Amino acid sequence: MFDAYIMCGTPRTGSTLLCGLLASTRMAGDPHSFYRRQDVAEWAGEWALPHPDTMSAHDFDVAYLQAAIRAGKGGTAIFGLRLMRENLDVLSAILDGIFPALPSDKARFENAFGRVLYIHLSRENKLAQAVSLIKAEQTGLWHIAPDGTEIERVAPPQEPRYDFERIQHELAKTRSL
């Protein structure tokens, strides 16, 4: 058995859908991207953590880790975390600072979270993934419900535009992972 799971992937692989489904079971934690750079301040505020300027970086990282584990358990015994490739280095550095004597990321992850199950999410159609990512970035609309209502918008609405070079770049990046 495991104490935690970490969903590893890249954007537009269905991780938001899977996070919601796992949380809805009320048995598999409440996974989120707690270590997405852009969201750390928002999570820290939601958890009422002291402002990082009021404590050492190490103490903030420890308090944040403890709060993330509580939130990621969602009242269950299992911790869930969504970890996108671009956030792995951030989390690895934080855990290295908290557990500096451990020899590897694996050892640090297990010290922080217990026995970890790693779930690798991948989208078979890499072209569709690249187009979906570019469209979300251009339009600001990241998630939409089956009935067409917006779930997550991060920018004012804009029309998408065809960008062959950008599609090629994202496609090459996704294929290399």
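What you see is a predicted model; the values in this text were computed from it and never measured. (Residues numbered from 1 in each chain as written. Predicted model: local features only at pLDDT ≥ 70, side-chain atom pairs only at ≥ 80, totals over all residues. Heavy atoms only, no water.)

Visitor: Give me the packing of aromatic side chains: which residues, what numbers.
Guide: Applying the stated criterion across every chain yields a total of nine aromatic pairs. Pairing Tyr-35 with Tyr-64 gives two aromatic rings, centres 5.3 Å apart and planes at 70°, and the pair type is edge-to-face. Residue Tyr-35 is located in the loop between helix 1 (15-24) and helix 2 (40-46), and its partner Tyr-64 is located in helix 3 (residues 57-73); the two are separated by 29 residues in the primary sequence. Side by side, Tyr-35 and Tyr-64 carry an identical accessibility label, which is buried. An aromatic cluster is defined as three or more aromatic residues linked by ring pairs; in this entry it consists of Phe-34, Tyr-35, Trp-43, Trp-47, Phe-60 and Tyr-64. (Phe/Tyr/Trp six-rings, centres within 6.5 Å; stacked < 30°, edge-to-face > 60°. Helix = DSSP H or I, 4+ residues; strand = E, 2+ residues; numbered from the N terminus. Buried < 20%, exposed > 50% of the residue type's maximum accessible area, 1.4 Å probe, protein only.)

Visitor: Run through the pattern of salt bridges, naming residues and quoting values.
Guide: Scanning the model with the defined rule gives ten salt bridges in all. A salt bridge links Asp-105 to Arg-108; its shortest N-O distance comes to 3.2 Å. Taken together, the residues Asp-105 and Arg-108, both in helix 5 (residues 105-113) and three residues apart, mark about one turn of the helix. When its relative accessible area of 33% is taken as the criterion, Asp-105 is described as partly exposed. With a relative accessible area of 10%, Arg-108 lands in the buried category. In this structure, Glu-170 engages Lys-173 in a salt bridge whose closest nitrogen and oxygen atoms are separated by 3.5 Å. (Salt bridge = Lys/Arg side-chain N within 4 Å of Asp/Glu carboxyl O.)

Visitor: Pulling in residues and values, what's your account of helix 7 (residues 164-176)?
Guide: Since the α-helix advances by 3.6 residues per turn, residues separated by three or four positions end up pointing in the same direction. Between its first and last C-alpha, helix 7 extends 18 Å over 13 residues, near the 18 Å set by a 1.5 Å rise per residue. Of the positions making up helix 7, those classed as buried are Ile-167, Glu-170, Leu-171 and Thr-174. Across the axial projection of helix 7, the buried residues extend over an arc of 105°, all falling on one side. Opposite the packed face of helix 7, turned more than 90 degrees from it, sit the exposed residues Glu-165 and Ser-176. Here the buried face of helix 7 lies against helix 6 (126-139). (Expected span 1.5 Å × (residues − 1). Arc of directions from axis to C-beta. Contact = heavy atoms within 4.5 Å.)

Visitor: Can you lay out the sheet that holds strand 3 (residues 116-120) for me, pointing to particular residues and giving the numbers?
Guide: The strand order across the open sheet formed by three strands is 2-1-3, and the pairing between neighbours is parallel. Every other strand in the sheet has two partners, leaving strand 2 (79-84) and strand 3 as the edge strands with one partner each. Pairs of neighbouring strands in the sheet enclose a mean axial angle of 20°, with direction left out of account. As paired strands, strand 1 (residues 4-9) and strand 3 are joined by five bridges and run parallel to one another. Bridged to Tyr-5 within strand 3 is Leu-117. Against the sheet, helix 4 (residues 85-98) makes contact with strand 1 and strand 2, and its axis sits at roughly 115° relative to strand 2, the strand it touches most. (Pairing = 2+ DSSP bridges. Axes fitted to C-alpha atoms, helices over the stretch in contact; angles between N-to-C directions.)

No statement about biological role is implied by the geometric values presented.
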